[in-house]
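# Residue-level structural notes
Below, each chain spelled out in residue letters.
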Amino acid sequence: KIGRFLRKTSVDELPQFFNVLLGDMSVVGPRPHMVSHTHMYAERIDKFMVRHFVKPGITGLAQVSGYRGEVETEEDIKGRVRNDIYYIENWNIALDIRIIFKTIANVFQGEEKAY
């Protein structure tokens, strides 16, 4: 039960802030994938590697737009890439603040696709 709560509320992501302090990650940006998934998606999904032009983030536009959690369909990964590219091309501080507030709201509401 404790693990399910930690995952559902994303409390297990808090240690990622050490990576932000070290400069390896941003608070907001495209979420990284496992290396094996990166190779697979790079071959199958157009513009997938564009996501790697910026630092990865703890949260991102794709995550607060319904593309969080396990990739179950090709549309899931295409939606992530579409949102991540939009974020990269349209970045501004107001967008980051909106994403952060949506993330905080999701933490308190719980997230269906959290695993």
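Residues numbered from 1 in each chain as written. Predicted model: local features only at pLDDT ≥ 70, side-chain atom pairs only at ≥ 80, totals over all residues. Heavy atoms only, no water.

## Here's the deal with the pattern of salt bridges
One pass over the full model with this rule turns up four salt bridges. Here Arg51 ties to Asp84 by a salt bridge, and the two come within 2.6 Å at their closest N and O atoms. Of this pair, Arg51 sits in the loop between α3 (35-44) and β2 (57-59) while Asp84 sits in helix α5 (residues 74-89), and the two are 33 residues apart along the sequence. Judged by relative accessible area, which is 2%, Asp84 ranks as buried. Taken together, the shared-partner salt bridges connect Arg44, Glu74 and Lys78 into one network. (Salt bridge = Lys/Arg side-chain N within 4 Å of Asp/Glu carboxyl O. Helix = DSSP H or I, 4+ residues; strand = E, 2+ residues; numbered from the N terminus. Buried < 20%, exposed > 50% of the residue type's maximum accessible area, 1.4 Å probe, protein only.)

## A word on the environment of Lys78
Looking at where Lys78 falls in the secondary structure, it is placed in helix α5. The spatial distance from the C-alpha of Lys78 to the C-alpha of Met25 is 22 Å, given a sequence separation of 53 residues.

## Notes on the side chain of Arg51
The buried category is assigned to Arg51, whose relative accessible area is 4%. A distance of 2.6 Å separates the side chain of Arg51 from the side chain of Asp84, its partner in a polar contact. When sequence neighbours within four positions are dropped, the list of residues in contact with Arg51 reads Pro30, Arg31, His33, Val81, Asp84 and Ile88. (Polar contact = N/O pair within 3.5 Å; in protein donor to acceptor, adjacent residues only side chain to side chain. Contact = heavy atoms within 4.5 Å.)

## Focus: unusual backbone geometry
Glycine aside, the phi torsion of most residues is negative, and most peptide linkages are trans. Of note, the phi angle at Lys47 is positive, near 65°, even though the residue is not glycine. By the secondary structure assignment, Lys47 is in the loop between α3 and β2. Lys47 gets classed as exposed once you look at its relative accessible area, which sits at 53%.

## As for the confidence of the model for the chain
Low pLDDT means the predicted atomic positions in that stretch should not be read closely. Looking at the chain, the pLDDT average stands at 87 and 95% of residues meet or exceed 70. Confidence scores differ between elements of the chain, with helix α1 (residues 2-9) showing the lowest mean pLDDT of 76 and strand β1 (residues 26-28) the highest of 95. (pLDDT = per-residue confidence, 0-100.)

## Section: the environment of Arg7
Tracing the backbone shows Arg7 in helix α1. In the structure, Arg7 is positioned 95 residues away from Lys102 in sequence and 17 Å away in space, judged by C-alpha atoms.

## Structural notes on the packing of aromatic side chains
Under the counting rule described, the total for this entry stands at one aromatic pair. Their ring planes at 50° and their centres at 5.6 Å tell us that Tyr41 and Phe48 sit as a pair that is tilted. Residue class for Tyr41 comes out buried when judged on its relative accessible area of 6%. (Phe/Tyr/Trp six-rings, centres within 6.5 Å; stacked < 30°, edge-to-face > 60°.)

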